[in-house]
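Coordinates in review
As a plain string of letters, each chain reads:
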Amino acid sequence: MAAARWVGAAAGLGSRFCRMMVKDHNLTPQQCFHRLVERKPFLPPAVWHNAVRGMFIQTQDTPNPNSLKFIPGKEVLESRTMEFSNPAAAFCSPLARQLFKIEGVKSVFFGPDFITITKESEDLDWNLLKPDIYATIMDFFASGLPVVTDEAPRADTGASEDDDEVVLMIKELLDTRIRPTVQEDGGDVIYKGFEDGIVQLKLQGSCTSCPSSIITLKNGIQNMLQFYIPEVEGVEQVVDDDDDVEKEANST
């Protein structure tokens, strides 16, 4: 595991925060917390181009070998993210529904300008899946249909009048320093609550089933929150009912 130490303060987070620096020369504050653990460097992003349709789709590896990040060069969801863990959850997204029709696609995640696809197993070859994914994304954006419909649920994780000072600082740190770097690796982290010193978070996208997700949660996110906010005693991962069923199935 690469040794890294965060020192310092996040701009705009108030006098309680200090300036942050990373000792490891291979790490910067903009790199995802997955990179706090030792791993093989990713291959350079691949670019796929169809001259007839005139659309570039860039692919980027993620820390999760079963997840691949597709960058269409177009806005996907503006400034928010959405996760579709199964076909039923994609009722509000024409694009997600089409992607689930591809054999081997396990889950779909939309970021502001990227799409993360998670395959069902390591045995599936990305080289067999990518052509269908490329074609589906290109056909969809050519259709002019909305990525999500008006009935799409919105996860309100922003600041609220009911939030106390500690919760406001947790949300601000997540939104300004943590979530952007996690999204660079095709995932996201969503605030779910704060109780008895424990911050409850939900990992999404490539982070959901990533082998290093627990290290990301504890060595990356927890350490940063505790450094800036003394009231934070720890973090825990929150999973949905569908995630619980899946984990039980995988353990049997």
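Residues numbered from 1 in each chain as written. Predicted model: local features only at pLDDT ≥ 70, side-chain atom pairs only at ≥ 80, totals over all residues. Heavy atoms only, no water.

A closer look at the packing of helix α3 (residues 165-183) against helix α4 (residues 213-228)
Packing of α3 against α4 brings their axes to within 11 Å, and their N-to-C directions diverge by 125°. In this view, α3 runs oblique relative to α4, as classed from their interaxial angle. α4 is crossed by α3, and the crossing has right-handed handedness. Between α3 and α4, the contacting residues are I170, L173, R177 and I178 on the first element and I221, M224, L225 and Y228 on the second. (Axes fitted to C-alpha atoms, helices over the stretch in contact; angles between N-to-C directions. Helix = DSSP H or I, 4+ residues; strand = E, 2+ residues; numbered from the N terminus. Parallel < 35°, antiparallel > 145°, perpendicular 65-115°, else oblique. Left-handed = near helix turned anticlockwise from the far one by under 90°. Contact = heavy atoms within 4.5 Å.)

Some details on a negative patch on the surface
Taken together, the side chains of E195, D196, E233 and E236 make up a negatively charged region of the molecular surface. Structurally, D196 can be placed in the loop between β7 (187-195) and β8 (198-205). (Patch = residues over 30% accessible without salt bridge, like charges linked within 9 Å, V, L, I, M, F, W, Y side chains within 5 Å. Areas by Shrake-Rupley, 256 points an atom, 1.4 Å probe, with all protein chains shown as cover. Salt bridge = Lys/Arg side-chain N within 4 Å of Asp/Glu carboxyl O. Lys, Arg positive; Asp, Glu negative; His and termini not counted. Charge placed at Lys NZ, Arg CZ, Asp CG, Glu CD.)

Topic: the nonpolar core
Ranked by size, the top nonpolar core spans 30 residues in total, and within it F84, L99, V108, F110 and I115 carry the most contacts. Those elements giving two or more residues to this core turn out to be β2 (55-61), β3 (67-71), β4 (82-84), α1 (94-100), β5 (105-110), β6 (115-119) and α2 (126-143). Per-element accounting of this core gives the leading share, eight residues, to α2. Those residues in contact with F84 that lie beyond four places of it in its chain are A89, A90, C92, S93, A96, F100, S107, V108, F110 and V148. L174, V199, L217 and I221 belong to the second largest nonpolar core, which has 22 residues in total. (Core = buried A, V, L, I, M, F, W, Y, C linked by side-chain atoms within 4.5 Å. Buried < 20%, exposed > 50% of the residue type's maximum accessible area, 1.4 Å probe, protein only.)

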